[in-house]
Amino acid sequence: MADLKETALVGRLAARHGLSRDAVETVLRALRSGGGSMAQFSHAEFGGMSQWSSGMTMVGDMFNDALRAKLNAVATDLAAYLRENPEVARNEPAEVSYRSQQQVAKSWPSGLGTPSSTGSQNHLRYAIYPDSRRLVIEDAGRRTMYDTGDHVISGIAQAQSTDATLTFRSQNGLVRLSELKKVEA
């Protein structure tokens, strides 16, 4: 942990939410890796694999609303801490189990801001930019950008079975890409 202030914050959040310090530190490390706005990690106290970004919280024990609320509260507080203290928001590259020797430069379009959510699996990836109302999908290297209009996308499902699929949901229900306007990437 970075300093006494951060150590105290981790202790307070652990006590407030009935979690171990390790669980809170795991969320903090994941948030740092996610640029302070998203986290993906696995920890037994959250039911295993879990994800968080503002407006979307998933825990391994998927029907446990209390656990999901607990993660949302902890991650929201930690994300605020990282925003308010940019000098400690950096990644901690030393704490990884494996780092690929192959560095792949796959950047998203510039000028859209910071994505609220990104995902990728095999040849299919996406990024959501709520501030600029854009959804970018890249399928086998072919990039398409959409104007999301009044949709606030908060649910994403990605499947890679016999066919690769993405499903987006907003406050209006299923987001049908055929109804969104394509824009220049």
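Along each chain, numbering runs from 1 in the same order as the chain's sequence is written. Only residues with pLDDT of at least 70 are given local features in this predicted model, and only at 80 or more are side-chain atom pairs given and counted; all residues enter the totals for whole chains, interfaces and linings. The basis for the side-chain values is all heavy atoms of the structure; hydrogens and waters are excluded.

Student: Sorry, what's going on with the overall build of the protein chain here?
Tutor: The number of helices and strands found in the protein chain is three helices and 11 strands. Within the protein chain, the proportion of its 185 residues that are buried is 38%. Any two residues whose heavy atoms approach within 4.5 Å at even a single point are treated as in contact. Across the protein chain, contacts joining residues at least 24 apart in sequence account for 40% of those joining residues at least 6 apart. Only the protein chains shown count as cover for residues, and the accessible areas themselves come from Shrake-Rupley with a 1.4 Å probe. Per element, the accessible surface of the protein chain, about 10,900 Å² overall, is 49% carbon and sulfur. Each helix corresponds to a stretch of at least 4 residues labelled H or I by DSSP, and each strand to a stretch of at least 2 residues labelled E; elements are numbered beginning at the N terminus. The cut-offs for exposure are 20% and 50% of the maximum accessible area for each residue type, with area from a 1.4 Å probe on protein chains only; residues under the lower value are buried, those over the upper are exposed, and the others partly exposed.

Student: How should I be thinking about the nonpolar core in this particular structure?
Tutor: The set of buried Ala, Val, Leu, Ile, Met, Phe, Trp, Tyr and Cys residues whose side-chain atoms join them within 4.5 Å is what this entry labels a nonpolar core. The biggest cluster of nonpolar side chains holds 25 residues, and the ones touching the most others in it are Val 24, Val 27, Leu 31, Phe 41, Phe 46, Leu 71 and Leu 78. For this core, the element with the highest residue contribution is helix H3 (residues 65–84), accounting for eight residues. Beyond its immediate stretch of four places on either side in the chain, Val 27 contacts Ala 39, Phe 41, Phe 46, Leu 71, Val 74, Ala 75 and Leu 78. Core analysis: the next-biggest nonpolar cluster, separate from the first, contains 10 residues, Tyr 126, Ile 128, Ile 137 and Phe 168 among them.

Student: So what exactly am I meant to see when it comes to the sheet that holds strand E5 (residues 124–129) here?
Tutor: Each strand in a sheet pairs with its neighbour through backbone hydrogen bonds, running either in the same direction (parallel) or in the opposite one (antiparallel). Pairs of strands are assigned from DSSP output, requiring at least two bridges between the strands. Sheet architecture is open: five strands sit in the order E4-E5-E6-E7-E11, paired in antiparallel fashion. The open sheet has two free edges, formed respectively by strand E4 (117–121) and strand E11 (181–183), since each of these has just one partner strand. Across the sheet, the mean angle separating the axes of adjacent strands is 20° when strand polarity is ignored. Sheet analysis places E5 next to strand E6 (residues 134–139), joined by six bridges and oriented antiparallel. Axes here refer to lines fitted to C-alpha atoms; in helices the fit is confined to the stretch in contact. Angles between the N-to-C directions go from 0 to 180 degrees.

Student: What should I look at first to understand the sheet that holds strand E2 (residues 48–53) in this one?
Tutor: A sheet is described by the order of its strands in space; here three strands give the open sequence E1-E2-E3, paired in antiparallel fashion. Unpaired on one side and paired on the other, strand E1 (38–43) and strand E3 (56–58) mark the two borders of the sheet. Between one strand axis and the next, the sheet turns through 10° on average, direction left out of account. As defined by bridge partners, E2 adjoins E3 across three bridges and the pair is classed as antiparallel. Across the sheet, residue Trp 52 finds its bridge partner in E3, namely Thr 57. Running at roughly 140° to E1, helix H2 (residues 21–33) makes contact with E1 and E2 of the sheet. Docked against the sheet, H3 engages E1, E2 and E3, running at close to 50° with respect to E2.

Student: Sorry, what's going on with the packing of helix H1 (residues 4–17) against H3 here?
Tutor: Viewed as axis vectors pointing N to C, H1 and H3 meet at an angle of 165°, and their least axial separation amounts to 11 Å. As summarised for this structure, H1 and H3 are arranged roughly antiparallel, according to the angle between their axes. When you trace H1 past H3, the crossing you get is right-handed. The residues of H3 that touch H1, namely those facing Lys 5, Glu 6, Leu 9, Leu 13, Arg 16 and His 17, are Lys 70, Ala 73, Val 74, Asp 77, Leu 78 and Tyr 81. Among the residues forming the contact of H1 with H3, the class breakdown is six nonpolar, one polar and five charged. These descriptions rest on fixed angle ranges, namely under 35 degrees for roughly parallel, over 145 for roughly antiparallel, 65 to 115 for roughly perpendicular, and the rest for oblique. The hand of a helix crossing depends on one turn: near helix anticlockwise from the far one by less than a right angle means left-handed, and clockwise means right-handed. Gly is put with the polar residues, along with every residue not named as nonpolar or charged; the nonpolar set is Ala, Val, Leu, Ile, Met, Phe, Trp, Tyr, Cys and Pro, and the charged set is Asp, Glu, Lys and Arg.

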